[in-house]
Amino acid sequence: MQKPIGVIDSGVGGLTVLNELTKRLPKEKFIYFGDSLRAPYGSKEKEEVIGYVFEIVQFLMTKDIKVLVIACNTATAYALEILKESLSIPVIGVIKPGARAALKVTKNKNIGVIGTLGLIDSNAYFETLCEMDSTVNVHQLGCPMFVPIIEKGKTEGKELDLIVESTLNPLKKLNIDTLILGCTHYPIIEGSIKKVFSDEVTIVSSAEETANETNLILNSLGICEKRDSDTSIIHDIYTSGDLKKFIELTNKIFSNNLSVLGKLNFIEKRMTKI
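Attention here is on the structure that accompanies the text. Computed from a prediction, not measured in an experiment: that's the story for all the values here.

Per the secondary structure count, the protein includes 11 helices and 10 strands. For 274 residues, the compact-globule estimate of 2.2 N^0.38 gives 19 Å, and the C-alpha radius of gyration of the protein, at 18 Å, lies within 12% of that figure. Of all 274 residues assigned to the protein, the portion counted as buried reaches 55%. By sequence separation, contacts in the protein at least 24 residues apart represent 78% of the contacts at least 6 residues apart. As displayed, the protein has an accessible area near 12400 Å², and 49% of this comes from carbon and sulfur atoms. Charge centroids of the protein, computed over 32 positive and 34 negative side chains, lie 3 Å from each other.

Counted according to the given criterion, the structure contains six aromatic pairs. With a centroid separation of 5.8 Å and 35° between ring planes, the pair formed by Y41 and Y52 is classed as tilted. Of this pair, Y41 sits in the loop between β2 (30–34) and α2 (46–61) while Y52 sits in helix α2, and the two are 11 residues apart along the sequence. Since its relative accessible area comes to 7%, Y52 is described here as buried. When the centroid spacing of 6.3 Å and the interplanar angle of 65° are considered together, the rings of F246 and F266 count as edge-to-face. With F246 in helix α11 (residues 243–253) and F266 in strand β10 (residues 263–268), the pair connects residues that are 20 residues apart, well separated along the chain. An identical accessibility class is assigned to F246 and F266; each is buried. An aromatic cluster is defined as three or more aromatic residues linked by ring pairs; in this entry it consists of F33, F59 and Y238. The side chain of R38 reaches across the aromatic face of Y52, ending 4.1 Å from its centre.

What follows concerns α2. End to end, α2 covers 22 Å across 16 residues, agreeing with the expected 22 Å (1.5 Å per residue, within 8%). For α2, the full list of buried residues reads V49, I50, Y52, V53, E55, I56, V57, F59 and L60. In this fold, the buried residues of α2 make contact with β1 (5–9), β2, β3 (67–70), α3 (73–86) and β9 (234–239).

Of all hydrophobic cores here, the largest spans 51 residues; its most connected members are I114, F146, L168, L179, Y186, I193 and F197. If we skip the residues at most four places from it in the chain, Y186 touches I114, G115, T116, C143, F146, V147, I150, L181 and I193.

This part takes up the packing of helix α4 (residues 95–105) against helix α10 (residues 207–221). Where α4 meets α10, the axes come as close as 8 Å, and the angle between the chain directions of the two elements is 115°. With respect to the hand of their crossing, α4 and α10 are arranged in right-handed fashion. Residues P97, R100, A101 and K104 of α4 lie in contact with α10, whose contacting residues are E209, T210 and E213. Classifying every residue of the contact of α4 with α10 by side-chain character gives two nonpolar, one polar and four charged.

A few words now on the side chain of S10. Residue placement: S10 occurs in the loop between β1 and α1 (15–24). Residue S10 is classed as buried on the basis of its relative accessible area, which comes to 4%. Apart from the residues lying within four places of it in its own chain, the contact partners of S10 are G34, D35, S36, A39, Y41, C72 and H185.

In this section: α3. The terminal C-alpha atoms of α3, which comprises 14 residues, lie 19 Å apart, in line with the 20 Å expected from a rise of 1.5 Å per residue. Its maximal kink placed at A79, α3 deviates by approximately 60°. Considered for burial, the residues of α3 that qualify are N73, T74, A75, T76, Y78, A79, L80 and L83.

Looking now at the pattern of salt bridges. This model, assessed by the stated rule, comprises 14 salt bridges. For the salt bridge of K23 with E20, the shortest nitrogen-to-oxygen distance reads 3.2 Å. Residue K23 and its partner E20 are located together in helix α1, separated by three residues, close to a single helical turn. Under the relative-accessibility criterion, E20 is labelled buried at 18%. Note that E268 is salt-bridged to R270, the shortest N-O span being 3.4 Å. Overall, the relative accessible area of 37% leaves E268 in the partly exposed class.

What the six strands build is an open sheet, ordered β4-β3-β1-β2-β9-β10; its pairing is parallel. Among the strands making up the open sheet, the edge pair consists of β4 (91–92) and β10. Where β1 and β2 come together, five bridges link them in parallel fashion. In the strand pairing of β2, I8 is matched with F33. Relative to β2, α1 is tilted by about 170°, and along the sheet it contacts β1, β2, β3 and β9.

About the thresholds
- Residues numbered from 1 in each chain as written.
- Predicted model: local features only at pLDDT ≥ 70, side-chain atom pairs only at ≥ 80, totals over all residues.
- Heavy atoms only, no water.
- Helix = DSSP H or I, 4+ residues; strand = E, 2+ residues; numbered from the N terminus.
- Rg over C-alpha atoms; globule rule 2.2 N^0.38 Å.
- Buried < 20%, exposed > 50% of the residue type's maximum accessible area, 1.4 Å probe, protein only.
- Contact = heavy atoms within 4.5 Å.
- Areas by Shrake-Rupley, 256 points an atom, 1.4 Å probe, with all protein chains shown as cover.
- Lys, Arg positive; Asp, Glu negative; His and termini not counted.
- Charge placed at Lys NZ, Arg CZ, Asp CG, Glu CD.
- Phe/Tyr/Trp six-rings, centres within 6.5 Å; stacked < 30°, edge-to-face > 60°.
- Lys NZ or Arg CZ within 6 Å of the ring centre and 35° of its normal.
- Expected span 1.5 Å × (residues − 1).
- Core = buried A, V, L, I, M, F, W, Y, C linked by side-chain atoms within 4.5 Å.
- Axes fitted to C-alpha atoms, helices over the stretch in contact; angles between N-to-C directions.
- Left-handed = near helix turned anticlockwise from the far one by under 90°.
- Nonpolar A, V, L, I, M, F, W, Y, C, P; charged D, E, K, R; others polar.
- Bend = angle between axes of the 7 residues up to and from the residue.
- Salt bridge = Lys/Arg side-chain N within 4 Å of Asp/Glu carboxyl O.
- Pairing = 2+ DSSP bridges.

Now the structure itself:
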């Protein structure tokens, strides 16, 4: 019996990464944990977030996962290196894939990064981008209102548009041609974000590049799933928050077409910090 792949996020945002993972790796089983009860991570202290992440990872390790994908930029910034040292399985974050994706498309090397306050304060994208290309100009902006409003289910409409426009307005003056969505929740409101910028600004998320990297790692280690293509796979989706609200929001994000994620088994799992 092949082992599943674990995916963690602070809430529903990481489902955008899971969506790409299921498309890139259709034979793999995934176990996802969205920590909606304690979202957002970006407004919390680093040590607190690390504690949450390790608690969730300990739970996922009981499911005998073979790879861990941190589908959360803040958690990646705070805990990726610690987890790599602590775990015996491969651990994949979303920041390096997101940076690579941006550098592939930028023409003027003026790249904007939006994310939670914790992510921006960590300078993780700034350091990663500059390490990959020392000539790049990186403009960062914290967006503390985005994750809470998404987790409340407000993913479109005039109120959201006004919040997004007023938050992102400072970036409009900086001649960026590429914008990294430095939070996996943000693709959910990409429609509102696009309204702020001209068509000359390319919006980049890390989801597709993260799925590609996961595929490469699985192949290099020889641990890809070999099951028959017609075998039904049920992915387990855990949430620490209200299960009904989590399912409703998931349906809303994917326009009630959850088949894009495959067959899902939603499970409520309460967590308390160790």
